[in-house]
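Below, each chain spelled out in residue letters.
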Amino acid sequence: MSAATRAMAAGWRWWRSAWVVLPLAAAGFAMAAGPVPDAAAAAAFEPIAARAAAAKAASWPALLQQIATDPALLGAPYEAAPLDRGSREADEPLRASLDGFDCVTYVETVLALARTVARGPATATAYAAELAALRYRDGEPGFCARYHYFSDWAETRQSAAVLDEVTVSVAGDPANLANLGLTHGFDYLSRHASATPALAQSPARLACVREQERALSARDDGTPYIRSTSLPKIARALQSGDLIAWVADVPGLDVIHVGIVVTRPNGRLELAQASKRAGQVVVTPDLLRYAASLKQQRGVRIFRPRDPR
């Protein structure tokens, strides 16, 4: 792997770092008891919910965009692998604070906040439950309960009726599509375990990752994606709040980055993201130009979160 690839990998090595399948989904992620937010997360939640009130009355896409661009999130530091902070073993507490994100934890935080505000009650405790339900199997925090590859998250989030993949419908012309199957299977994380303290120092964690890789590889029959050259052709089909995931051109890895589509009244498309390049959460003003600048990617997949109400 080249030096450039290793540098990029450092920012999203745990890019899968989240997401979860929930039997609770049919009940709308309702949890009788569960994780509670820390004091900082609880204090930050109330003003976000208050500012989102008007957007909630407008539409679900407007609410997603409002929260994705909320002042409490913009400018938050980029942090590689924030969920691995301070932990080396299988146990892992819920991290619901807003003081640092990688691209995935930013996206799941926005989605958890939006679902909480939309469904009510808009409380910090409800937000913590939503976030745990998105991030962990059965809403129970733990390293092995996390889904460590985006494809795993995408499949299970659709099964839980949290979102829909709209890649094929948005693409329109089949010529805009290609298909990705990982020739050597999912193995990026385990192959680079020695460069990742959370894996190198914990055989139990590494075993969890390898088991997920084996399961994913066994059922990988190819994934449609929109070619990078076709993204400008289909851009008008994107809407506020869509999740856009860049398909990796890296052995053993499915996705290198994810962000949230922002639309402006003049039709301009922007991207809300936790950006390693910028070192913080930002709204990048030209999504198409940004997409063209990304290296080691083949194209994109598009996911549309469902209104939970």
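Numbering of residues begins from 1 in every chain and follows the order in which that chain's sequence is written. Note on the predicted model: pLDDT of at least 70 is required for a residue's local features to be given, and 80 or more for side-chain atom pairs to be given and counted; whole-chain, interface and lining totals, by contrast, use all residues. Remark: hydrogens and water are excluded; side-chain values derive from all non-hydrogen atoms of the structure.

Details of helix H7 (residues 150-159)
Thought 1: Think of it in three bands: with a 1.4 Å probe and only protein chains considered, a residue is buried below 20% of the maximum accessible area for its type, exposed above 50%, and partly exposed in between. A helix here means a DSSP run of H or I that spans at least four residues, while a strand means a run of E at least two residues long, and both kinds are numbered starting from the N terminus. With seven of ten residues buried, H7 is to be regarded as a mostly interior element.
Thought 2: Looking only at H7, the buried set comprises Phe-150, Ser-151, Asp-152, Trp-153, Ala-154, Thr-156 and Arg-157.
Thought 3: Contacts are assigned to residue pairs with any non-hydrogen atoms lying within 4.5 Å of each other. In the core, the buried residues of H7 are packed alongside helix H6 (124-135), strand S1 (163-165), helix H11 (203-219), strand S4 (243-248), strand S5 (255-263) and strand S8 (297-305).
Thought 4: Once H7 finishes, Ala-161 follows within two positions and takes phi at roughly 60°, a positive value.

Focus on the state of the cysteines
Thought 1: The rule for a disulfide is simple: a pair of cysteine sulfur atoms within 2.5 Å. Scanning all chains against the criterion turns up one disulfide.
Thought 2: A disulfide bridge connects Cys-144 with Cys-208, and the sulfur atoms are separated by 1.7 Å. Sign of the S-S torsion, about 60° for the bond between Cys-144 and Cys-208, identifies this disulfide as right-handed. Here the residue Cys-144 occupies a position in the loop between H6 and H7, and Cys-208 occupies one in helix H11, the gap between them amounting to 64 residues.

Let's talk about the pairing of S5
If a strand is regular, its side chains alternate between the two faces of the sheet.
Thought 1: Counting buried positions over the nine residues of S5 gives eight, a clear majority of the element.
Thought 2: In terms of strand pairing, S4 meets S5 through five bridges, oriented antiparallel. Residue pairing across strands places Leu-243 opposite Ile-260, the latter belonging to S5.
Thought 3: Two strands qualify as a pair provided DSSP detects at least 2 bridges between them. The loop that links S4 with its antiparallel partner S5 comprises six residues; one of these, Gly-252, has a positive phi angle of about 80°.
Thought 4: Where S5 meets strand S6 (residues 269-275), four bridges bridge the pair, whose relative direction is antiparallel. Residue pairing for S6: Val-261 is matched across the bridge by Leu-271.

With respect to the pattern of salt bridges
Thought 1: Within this document, salt bridges are pairs made up of a side-chain nitrogen of Lys or Arg and a carboxyl oxygen of Asp or Glu, the two lying within 4 Å of each other. Summed over all chains, the structure comprises 21 salt bridges.
Thought 2: Here Asp-99 and Arg-95 are joined by a salt bridge, their closest N and O atoms 2.8 Å apart.
Thought 3: Among the salt bridges present, the one from Asp-249 reaches Arg-298, with a minimum N-O distance of 3.4 Å. Separated by 49 residues along the polypeptide, Asp-249 in the loop between S4 and S5 and Arg-298 in strand S8 bring together distant segments of the chain.
Thought 4: Three or more residues joined by partner-sharing salt bridges are found here, namely Asp-84, Glu-92, Arg-146 and Arg-205.

As for unusual backbone geometry
Thought 1: Geometrically, the link from Gly-120 to Pro-121 is a cis peptide bond, its omega value of -5° lying close to zero.
Thought 2: If you trace the backbone, Pro-121 turns up in the loop between helix H5 (103-119) and H6.
Thought 3: Even without being a glycine, Gln-296 presents a positive backbone phi close to 55°.
Thought 4: By the secondary structure assignment, Gln-296 is in the loop between helix H13 (287-293) and S8.
Thought 5: On the accessibility criterion, Gln-296 (24% relative accessible area) is partly exposed.

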